[in-house]
Amino acid sequence: MKNSLLLLVLTLIACTSNAQENKSKEELQAPQDTVINFEKSVLFFPAGREAQDGFYAKLDSLKKDSLSNVNIWQVGGSHVQGGSFPNKLREHFQNMAGAGERGFVFPRQLAGTHEDRSIRMTAEGKWFAPMLTKTSKEEKPRYGITGFAARCDSTASIGLNTNPKKKTPWNFKQIRLLGYSSSDKAYPELYVGNKKCEHEFDSLTASYFYDLPKQTDSVRIDFVIPEGEYFVFTGLQPLTGNKGINYFASGVNGAKVTAWADQCADLERELQIVKPDLVIFGLGINDSACDSLTFSPDKFKNGYRRLIQKVHAVSPDCAMIFITNNDSYRYVKKGMEYNYNADEVRTAMIELATEYNAAVWDLYGVMGERDSVHKWLKVGYISKDKLHFTPKGYRRIADLLYEAIIADWNNLQIE
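Residues numbered from 1 in each chain as written. Predicted model: local features only at pLDDT ≥ 70, side-chain atom pairs only at ≥ 80, totals over all residues. Heavy atoms only, no water.

Undergrad: Just to check I follow, could you spell out the sheet that holds strand 14 (residues 244-251) for this structure?
TA: One key point about sheets: their strands pair by backbone hydrogen bonds, in either a parallel or an antiparallel sense. Read from one edge to the other, the open sheet built from six strands follows the order 1-19-16-15-2-14, with strand pairing classed as mixed. The open sheet is flanked by strand 1 (43-44) and strand 14, the only strands paired with a single partner. Across three bridges, the pairing between strand 16 (residues 319-323) and strand 19 (residues 359-361) is parallel. Residue pairing for strand 19: Ile-323 is matched across the bridge by Trp-361. Of the strands in this sheet, strand 1, strand 16 and strand 19 touch helix 8 (residues 342-356), which is tilted by about 170° from strand 16. (Pairing = 2+ DSSP bridges. Helix = DSSP H or I, 4+ residues; strand = E, 2+ residues; numbered from the N terminus. Contact = heavy atoms within 4.5 Å. Axes fitted to C-alpha atoms, helices over the stretch in contact; angles between N-to-C directions.)

Undergrad: What is the right way to look at the side chain of Arg-346 in this model?
TA: Looking at the secondary structure, you find Arg-346 in helix 8. If near-sequence neighbours (up to four positions away) are discounted, Arg-346 is found in contact with Thr-324, Asp-362, Tyr-364, Gly-365 and Glu-369.

Undergrad: Can you help me understand the confidence of the model for the protein chain in this one?
TA: Chain-level statistics for the protein chain give a pLDDT mean of 89 and a share of 92% at 70 or above. Scored below 50 in pLDDT, residues 1-27 makes zero contacts in the model with residues more than four places away or belonging to other chains. (pLDDT = per-residue confidence, 0-100.)

Undergrad: Before we go on, may I ask you to explain helix 6 (residues 267-274) in this structure?
TA: Owing to its 3.6 residues per turn, the α-helix aligns residues three or four sequence positions apart on the same side. Residues Leu-267, Glu-270, Leu-271, Ile-273 and Val-274 constitute the buried set of helix 6. Taken end-on, helix 6 shows its buried residues confined to a sector of 135°, consistent with a single buried face. Its buried side turned inward, helix 6 meets strand 2 (69-76), strand 7 (172-181), strand 13 (231-239), strand 14, helix 5 (257-262) and helix 7 (297-314). Remark: Lys-275 follows helix 6 within two positions and exhibits a positive phi of approximately 45°. (Buried < 20%, exposed > 50% of the residue type's maximum accessible area, 1.4 Å probe, protein only. Arc of directions from axis to C-beta.)

Undergrad: Teacher, can you tell me more about the nonpolar core here?
TA: Burial of nonpolar side chains together is a common tendency in soluble globular proteins. In terms of nonpolar packing, the biggest core is built from 75 residues, with Trp-73, Phe-223, Phe-281 and Phe-322 touching the most fellow members. Sorting elements by how many residues they give to this core places helix 7 first, with six residues. In this structure, Phe-322 is in contact with Phe-281, Tyr-304, Ile-308, Met-349, Leu-352, Ala-353, Ala-358, Ala-359, Val-360 and Trp-361, ignoring residues within four places of it in sequence. Of all hydrophobic cores here, the second largest spans 44 residues; its members include Phe-55, Met-96, Leu-400 and Leu-401. (Core = buried A, V, L, I, M, F, W, Y, C linked by side-chain atoms within 4.5 Å.)

Undergrad: Would you explain the sheet that holds strand 7 in this entry?
TA: If you trace the six strands from one edge of the open sheet to the other, you get 4-5-13-7-11-10, paired in antiparallel fashion. Strands with a single pairing partner mark the edges of an open sheet, and in this sheet they are strand 4 (127-128) and strand 10 (199-202). In this sheet, strand 11 (residues 207-216) lies alongside strand 7 in antiparallel orientation, the contact comprising six bridges. For Arg-176, the partnering residue across the bridge sits in strand 11 and is Phe-209.

Undergrad: Help me understand the packing of helix 6 against helix 7, please; the structure alone is not making it clear to me.
TA: In helix packing, the relevant descriptors are the interaxial angle and the interaxial distance, both defined with respect to the helix axes. Remark: helix 6 packs on helix 7, axes separated minimally by 9 Å, with the N-to-C direction vectors making an angle of 45°. As summarised for this structure, helix 6 and helix 7 are arranged oblique, according to the angle between their axes. Classified by chirality, the crossing of helix 7 by helix 6 is right-handed. For the pair helix 6 and helix 7, contact is made by Leu-267, Glu-268, Leu-271 and Gln-272 and by Leu-307, Lys-310, Val-311, Ala-313 and Val-314, respectively. (Parallel < 35°, antiparallel > 145°, perpendicular 65-115°, else oblique. Left-handed = near helix turned anticlockwise from the far one by under 90°.)

Undergrad: Honestly, helix 8 in this entry has me stumped. Any pointers?
TA: Between the first and last C-alpha of helix 8 there are 21 Å, a value that for 15 residues agrees with the 21 Å anticipated at 1.5 Å per step. Among the residues of helix 8, Ala-342, Val-345, Arg-346, Ala-348, Met-349, Leu-352 and Ala-353 are the ones counted as buried. For helix 8, the angular spread of the buried residues around the axis is 165°, confining them to a single face. The inward-facing, buried residues of helix 8 contact helix 7, strand 16, strand 19 and helix 9 (363-367). Following helix 8 by one or two positions, Asn-357 adopts a phi angle in the positive range, close to 55°. (Expected span 1.5 Å × (residues − 1).)

Undergrad: Explain unusual backbone geometry to me, please; I cannot follow it from the model alone.
TA: A negative phi holds for most residues other than glycine; trans holds for most peptide bonds. A positive phi angle is found at Lys-275, which is not glycine, with a value near 45°. When its relative accessible area of 39% is taken as the criterion, Lys-275 is described as partly exposed.

Undergrad: Please explain the pattern of salt bridges as it appears in this structure.
TA: Pairs can form between side chains of opposite charge whenever their charged atoms are close. Enumeration over the complete set of coordinates arrives at 22 salt bridges. Put simply, Asp-202 and Arg-176 hold a salt bridge, and the shortest N to O gap is 3.3 Å. A residue pair is termed long-range when its members are at least 10 positions apart, and Asp-202 in strand 10 and Arg-176 in strand 7 qualify at 26 residues. Using a relative accessible area of 12% as the deciding quantity, one classes Arg-176 as buried. (Salt bridge = Lys/Arg side-chain N within 4 Å of Asp/Glu carboxyl O.)

Undergrad: Looking at this structure, I do not really get the environment of Gly-100. What am I missing?
TA: With respect to the helices and strands, Gly-100 occurs in the loop between helix 4 (84-97) and strand 3 (120-124). Judged by relative accessible area, which is 0%, Gly-100 ranks as buried. Gly-100 sits 30 residues away from Val-70 along the chain, and the two C-alpha atoms are 8.4 Å apart. When neighbours within four sequence positions are excluded, Gly-100 is seen to be in contact with Asn-69, Gln-94, Trp-170, Thr-240, Asn-242, Lys-243, Gly-244, Ile-245 and Asn-246.

Undergrad: Before we go on, may I ask you to explain the environment of Met-320 in this structure?
TA: As for its placement among the helices and strands, Met-320 is situated in strand 16. In this structure, the C-alpha to C-alpha distance between Met-320 and Ile-280, residues 40 residues apart in sequence, is 5.9 Å. The contacts of Met-320, once residues within four sequence positions are left out, are Gln-52, Leu-278, Val-279, Phe-281, Ile-308, His-312, Tyr-356, Ala-358 and Ala-359.

Pasting the structure below:
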C-alpha cells in the first residue's frame with residue numbers, strides 16, 4: 001500500500017513537472033507568433049561565408065578573454081532611426097558578449113524628426129538642420145555616419161543624458177564630438193556640471209575628443225563661434241572604455257541606399273572610428289517605394305556597391321548581412337498603396353550576397369511573403385500604415401535576427 005501511494009505521488013509530481021514545462025514552452029511562443037515563418041528565419045549564404053565565419057571567430061575570442069572589442073554597424077532608414085530594432089539587437093549582443101560602446105547620438109529634434117527614447121538630448125539656440133532625405137532652399141551641411149548635421153551660432157547648446165530612466169548604466173568617461181568648422185576659431189566647449197573640459201583634435205577622423213574628470217551620464221556642449229565663422233555639429237559618441245560588443249546604429253527616415261552611398265561625404269572617414277567587423281544592411285524599403293516599372297534593380301545594386309566600397313575601404317574583411325524588405329504598403333498622394341517590389345529587392349540582395357560572399361536574412365519570407373503584412377497588422381506587430389513595425393514588432397524581429405545569427409554560429413561550432 002505504501003509503495004502504491006509513493007508511486008502515485010511520484011507520478012503526480014512528474015505530470016505536474018511536464019505540464020509546467022509544456023506551459024513554459026507555450027508561453028515562450030506568444031499567440032501572435034503564429035504569423036512568423038520560423039523556417040525562413042535563418043542566415044542564407046548563396047555563395048561563400050568566410051567573412052561571417054571570421055566574425056564568429058572574433059566573437060569566440062571575445063568570449064574567451066574579454067580583452068578586445070567586436071564592432072557591429074547597422075545602417076538603414078526609419079526602421080533603424082526609431083531605435084527599437086537596433087536597441088534590442090544591441091541588448092542581445094551585449095548581454096551575450098559584454099557591453100562595449102553604444103555608438104553615436106544626435107538631437108533629432110533639430111531636424112524635426114523623432115528621437116531615440118532610450119537617451120535624452122536637448123538643444124537650445126539657433127540651428128539649421130535639414131534632413132538628409134529632404135530638399136532644402138539653403139545649402140545643406142555635410143553629413144557623415146549619423147546621417148544628421150546641424151549648423152549653429154554662438155547661442156546654441158546641446159545636452160546629453162544617456163540614462164534618463166535610470167535603468168541602464170551607460171555612464172561614460174570620454175566623449176567624441178563629430179563636426180567641422182570654418183576655422184579653428186570656432187569650436188565646441190564641453191562641460192561636466194560646471195567644469196569645462198579641454199579637447200584634443202583627432203585629425204584622422206576630424207573629431208573632437210574629451211577626457212572627462214569623472215564618469216558621468218550627462219554633459220552639456222556650448223559653442224564658441226566668432227562673427228563670420230560657423231560650426232556644424234554632426235554627432236556625439238559617449239565612451240565607456242568597456243570591452244565587449246560595440247554596437248553602432250545609423251538610421252534616417254526615408255533614406256535610400258544612395259543617401260548613404262552618395263550624400264554622406266564624411267561617411268568613409270568616420271567609419272574609421274567604427275571599423276566594423278559586421279555590417280547589417282537594412283536599406284531597400286525606401287528605394288522600392290515606387291511602382292514596379294520605375295524600380296530598377298540594377299541602380300539599386302549599384303548604390304549598394306558604392307556603399308560597400310566605402311565600408312571595404314576601412315574594413316575589407318568585414319562580414320555583411322542583408323535584410324530583405326518587409327511586406328508593406330508605400331506612401332502615394334492618395335494615401336497608401338501596396339508595394340509590389342519586395343520580391344525584386346530580395347532577388348537583388350541575394351545577387352549582392354553572391355557577389356560579396358555575404359549573408360541574407362529574409363524578413364520578407366519570415367513574414368510570410370506577399371500580403372502577410374495584414375496578418376502582422378492584426379497581431380500588433382505592424383503599425384496602421386502597414387509600412388512600419390510597432391515597437392513590439394521591431395523588438396520581435398530583432399529577437400528573430402539575433403537568434404538566426406546565434407543559431408548559425410552554433411551550427412558552425414558543431415560542424
